[in-house]
Amino acid sequence: MKKIFSRQTYIYLFSLLMLSLVQAFAFAQDSSTSVTTTTTSTEQTTTVQPWVWVVGGAVLILIIVALVRGNSGGSGGRTDKVTYTKTTSSEDNT
């Protein structure tokens, strides 16, 4: 028996349905009537103390240094070179 719709077709149809619902919800939020609202707000400005910038910069530099160093602290940053010499001899019995 031959399949009429494949799995990919169902995925496309489901995606189309979901996008249509999202679009319908977006249109439902749009209001065509004119509504007048009055809001009052007071604006407060705050200034950041200079020491906060200094501490933030120091922390940022420490993080950058820690990332650049990587994992070199675990091995001590030292490598050992090992030289292996093998000597062989053979005796001829004639």
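Draft legend 1. Spatial organisation of the overall build of the protein. In terms of helices and strands, the protein carries three helices and zero strands. The order of α-helices and β-strands along the protein, N terminus first, is α-α-α. Counting only residues that meet the buried cut, the protein has 0% of its 94 residues in that class. Carbon and sulfur atoms make up 60% of the accessible area of the protein, which amounts to about 10400 Å² in all.

Draft legend 2. Geometry of a nonpolar patch on the surface. Residues V48, W51, V52, W53, V55, V59, I63 and L67 make up a contiguous nonpolar surface patch of roughly 870 Å² in combined accessible area. Mapped onto the elements, V52 comes out in helix 2 (residues 50–69). Take V52: its relative accessible area is 35%, and that puts it in the partly exposed class.

Calculation criteria
- Along every chain, residues carry numbers that run from 1 in the direction the sequence is written.
- The predicted origin of the model limits local features to residues at a pLDDT of at least 70 and limits the giving and counting of side-chain atom pairs to 80 or more, whereas totals for whole chains, interfaces and linings rest on all residues.
- Hydrogens and water molecules were not included; the side-chain quantities draw on all heavy atoms of the structure.
- Here a helix means four or more residues in a row that DSSP labels H or I, a strand means two or more in a row labelled E, and each is numbered from the N terminus.
- Throughout, exposure labels follow a simple rule: accessible area from a 1.4 Å probe, protein chains only, divided by the maximum for the residue type, with under 20% read as buried, over 50% as exposed, and the rest as partly exposed.
- All accessible areas in this document rest on Shrake-Rupley with a 1.4 Å probe, and a residue is counted as covered only by the protein chains that are shown.
- Without a salt bridge and with relative accessible area above 30%, a residue can belong to a patch; like charges are then joined within 9 Å and nonpolar side chains (Val, Leu, Ile, Met, Phe, Trp, Tyr) within 5 Å.
- For this analysis, a salt bridge means a side-chain nitrogen from Lys or Arg found within 4 Å of a carboxyl oxygen belonging to Asp or Glu.

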